[in-house]
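Inside the fold
Listed below are the residues making up each chain.
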Amino acid sequence: NAGVMQNPRHLVRRRGQEARLRCSPMKGHSHVYWYRQLPEEGLKFMVYLQKENIIDESGMPKERFSAEFPKEGPSILRIQQVVRGDSAAYFCASSPPVGTDTQYFGPGTRLTVL
Amino acid sequence: KQEVTQIPAALSVPEGENLVLNCSFTDSAIYNLQWFRQDPGKGLTSLLLIQSSQREQTSGRLNASLDKSSGRSTLYIAASQPGDSATYLCAVYNQGGKLIFGQGTELSVKP
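To keep things clear, this report deals only with the structure shown in the data block. Everything numeric here is computed off the predicted structure, so don't read it as measured data.

**Some details on the sheet that holds strand 6 (residues 56–59) of chain B**
Residue and element names in this part refer to chain B. On the basis of which strands lie adjacent, the open sheet formed by five strands has the order 1-3-8-7-6 and antiparallel pairing. A single partner strand is all that each edge strand has here, and the edge strands are strand 1 (4–7) and strand 6. The mean inter-strand angle of the sheet, taken between neighbouring strand axes irrespective of direction, is 15 degrees. Sheet topology places strand 6 next to strand 7 (residues 62–67); four bridges connect them, and they run antiparallel. Looking at strand 7, one finds that Ser59 is bridged to Leu62.

**Things to note about the environment of B:Ser12**
Residue and element names in this part refer to chain B. Among the secondary structure elements, Ser12 is positioned in strand 2 (residues 10–14). Assessed through its relative accessible area of 48%, Ser12 is described here as partly exposed. In this structure the C-alpha to C-alpha distance between Ser12 and Lys110, which are 98 residues apart in sequence, comes to 7.2 Å. Apart from the residues within four sequence positions on either side, Ser12 is in contact with Ser108 and Lys110.

**Section: the pairing of strand 3 (residues 19–24) of chain A**
Residue and element names in this part refer to chain A. Of the two faces of strand 3, only the one carrying Ala19, Leu21 and Cys23 is buried; Arg20, Arg22 and Ser24 on the other face are not. With five bridges joining them, strand 3 and strand 8 (residues 75–79) adopt antiparallel strand pairing. When the bridges of strand 8 are listed, Ala19 appears paired with Ile79.

**Regarding the pairing of strand 4 (residues 32–38) of chain B**
All names here are of chain B. Strand 4 sits mainly inside the fold: seven of its seven residues count as buried. Here strand 4 shows a buried face lined by Asn32, Gln34, Phe36 and Gln38 and a second buried face lined by Leu33, Trp35 and Arg37. Where strand 4 meets strand 5 (residues 44–51), seven bridges bridge the pair, whose relative direction is antiparallel. Within the sheet, the bridge partner assigned to Trp35 lies in strand 5 and is Leu48. Hairpin connection, strand 4 to strand 5: the antiparallel pair is bridged by five residues, and Gly41 has positive phi, about 70 degrees.

**Some thoughts on the environment of A:Gly16**
Residue and element names in this part refer to chain A. Tracing the backbone through its elements, the reader meets Gly16 in the loop between strand 2 (10–13) and strand 3. It is 16 Å that separates the C-alpha atoms of Gly16 and Ala88, two residues lying 72 residues apart in sequence. Filtering out sequence-adjacent residues up to four positions away, Gly16 remains in contact with Gln81 and Val82.

Cut-off values and rules
- Residues numbered from 1 in each chain as written.
- Chains lettered and ligands numbered in written order.
- Predicted model: local features only at pLDDT ≥ 70, side-chain atom pairs only at ≥ 80, totals over all residues.
- Heavy atoms only, no water.
- Pairing = 2+ DSSP bridges.
- Helix = DSSP H or I, 4+ residues; strand = E, 2+ residues; numbered from the N terminus.
- Axes fitted to C-alpha atoms, helices over the stretch in contact; angles between N-to-C directions.
- Buried < 20%, exposed > 50% of the residue type's maximum accessible area, 1.4 Å probe, protein only.
- Contact = heavy atoms within 4.5 Å.

Given below as structure tokens:
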């Protein structure tokens, strides 16, 4: 059973471009979480999704950031018009539908904005 | 609002020592607590998950305890090895499933 997959592992964008980060949860997992780790800071929750639904987006910046988890395919975290302050490691985690709250983390996408 | 604090921020020990990492949280109404390890530039590896009804969990040389009433958890590492060098993160689950992380303890085990 493959773990949580994230791609790309490293992403370089210039200011004003768009960044798309992808997360494929573990097989059988229907819950996806995105976290951000800014340089020299701890991990912060961004958004919690189930298939086709956003459950909690209380950690998402109000502008430029969006997330989706379609019925088919990976979850996508989209950052429009990136700025230097968006440079960070973005981690995705997934969990099974019921029975446990253990979250399994992917390797992360390291976004660098030039 | 839940806040998680880890002490110390950094720790350096000689190989073979037993050590304790501390984690405290402000809201005792947690669902679970999880300890992770993060190597530089890497993702997170789950070490131990303690359910709210449990007092401790053990895995190999690791033992984690949970005292909800005092808002504390400790991670005990026995007979430390250089390969244990990493950042250790404590995270609590509140209602709704999202994890609230501490800032981490950066551990260095010297050979």
